[in-house]
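Below, each chain spelled out in residue letters.
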Amino acid sequence: MGIRFILMVNKQGQTRLAQYYEYLTLEERRALEGEIVRKCLARTEQQCSFVEHRNYKIVYRRYASLFFLVGVDNEENELAILEFIHLLVETMDQHFGNVCELDIMFHLEKAHFMLEEMVMNGCIVETSKSNILMPIQLMDKTS
């Protein structure tokens, strides 16, 4: 298993989306999120986008007011995860039109659905934006 969790966090450190691919209790999740968010938000833009924390490698990227943080195994390729984050943002941009924090907050189910189309059990299974967005567009048409 490669990806352990995906977090979307605003500049104030508030989690807007959290998806876990391993079991952690609610208290463990809260503690882990707090530690990671503080560590990543304290870094400058001149520092690299990779941080080691506990037994995870955290790969993160900031887009506008949102930080996308992905916790992976130590063997995982950091550049591939950065590319995955970029694909996720591009996919959300294509659907929402320049995705922002409010899009995530008001359409949380769609953001989770996109993640579920892209990642299954911690493995990236889909990278085609049109294949990811097709079920969401079909749901939008029927509602």
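The name given to the protein chain in an unreviewed UniProt entry is AP complex subunit sigma, with Trapa incisa as the source organism. UniProt, in its Subcellular location (unreviewed entry) section for the protein chain, records the words "Endomembrane system". Note on the protein chain: under the UniProt heading Sequence similarities (unreviewed entry), the record states "Belongs to the adaptor complexes small subunit family."

Peer 1: What's the story with the packing of helix α2 (residues 78–96) against helix α4 (residues 108–118) in this structure? I'm lost.
Peer 2: Each packed pair of helices is defined by two parameters, the angle between the axes and the distance between the axes. In contact at an axis separation of 11 Å, α2 and α4 are set at 135 degrees when each is read in the N-to-C sense. As the angle between them shows, α2 and α4 are arranged oblique. Handedness of the crossing formed by α2 with α4: right-handed. Across the interface between the two elements, Phe84, Leu87, Leu88, Thr91, Met92, His95 and Phe96 of α2 pack against Lys110, Ala111, Met114, Leu115 and Met118 of α4. Residues that form the contact of α2 with α4 fall into these classes: 9 nonpolar, 2 polar and 1 charged.

Peer 1: What's the story with the packing of α2 against helix α5 (residues 129–142) in this structure? I'm lost.
Peer 2: Where α2 contacts α5, the axes come no closer than 10 Å and their chain directions differ by 35 degrees. In the packing of α2 onto α5, the handedness of the crossing is right-handed. Contacts between α2 and α5 involve Leu87, Glu90, Thr91, Gln94 and His95 from the first element and Lys129, Ile132, Leu133, Ile136 and Asp140 from the second. Among the residues forming the contact of α2 with α5, the class breakdown is 4 nonpolar, 3 polar and 3 charged.

Peer 1: Help me understand the UniProt feature "domain: AP complex mu/sigma subunit" (unreviewed entry) in the protein chain, please; the structure alone is not making it clear to me.
Peer 2: In the numbering adopted here, UniProt assigns the feature "domain: AP complex mu/sigma subunit" (unreviewed entry) to residues 3–142. Structurally, residues 3–142 is divided into 47% helix and 26% strand, and its ends, taken at the C-alpha atoms, are 33 Å apart.

Peer 1: Help me out: how do you make sense of unusual backbone geometry in this one?
Peer 2: For residues that are not glycine, phi is negative in most cases, and the peptide bond is trans in most cases. One non-glycine residue, asparagine 98, lies in the positive phi region at around 60 degrees. Checked against the element boundaries, asparagine 98 lands in the loop between α2 and α3 (101–106). Classification of asparagine 98 as exposed rests on a relative accessible area of 63%. Unlike most non-glycine residues, asparagine 121 shows phi in positive territory, near 55 degrees. Relative accessible area serves as the criterion here: at 56%, asparagine 121 is assigned to the exposed category.

Peer 1: Just to check I follow, could you spell out the side chain of lysine 110 for this structure?
Peer 2: Of note, lysine 110 is situated in helix α4. A relative accessible area of 14% means that lysine 110 is categorised as buried. Discounting residues that sit within four places of it in the chain, lysine 110 has contacts with His95, Phe96, Ile136 and Asp140.

Peer 1: It is not clear to me how the pattern of salt bridges should be interpreted in this structure. Could you clarify?
Peer 2: Evaluated as defined, the whole model comprises 8 salt bridges. The closest approach of N and O atoms between glutamate 101 and arginine 16, which form a salt bridge, is 2.7 Å. Highlighted residues: glutamate 101 in helix α3 and arginine 16 in strand β2 (residues 15–20), separated in sequence by 85 residues. The exposure class of arginine 16 is partly exposed, given its relative accessible area of 23%. Note that lysine 110 is salt-bridged to aspartate 140, the shortest N-O span being 3.0 Å. Of the two residues, lysine 110 sits in helix α4 while aspartate 140 sits in helix α5, which places them 30 residues apart along the sequence. By sharing partners, the salt bridges in this structure join Arg4, Glu22 and Asp73 into a single network.

Rules and cut-offs
Residues numbered from 1 in each chain as written. Predicted model: local features only at pLDDT ≥ 70, side-chain atom pairs only at ≥ 80, totals over all residues. Heavy atoms only, no water. UniProt positions renumbered as here; feature names shortened; annotations may be inferred. Axes fitted to C-alpha atoms, helices over the stretch in contact; angles between N-to-C directions. Helix = DSSP H or I, 4+ residues; strand = E, 2+ residues; numbered from the N terminus. Parallel < 35°, antiparallel > 145°, perpendicular 65-115°, else oblique. Left-handed = near helix turned anticlockwise from the far one by under 90°. Contact = heavy atoms within 4.5 Å. Nonpolar A, V, L, I, M, F, W, Y, C, P; charged D, E, K, R; others polar. Buried < 20%, exposed > 50% of the residue type's maximum accessible area, 1.4 Å probe, protein only. Salt bridge = Lys/Arg side-chain N within 4 Å of Asp/Glu carboxyl O.

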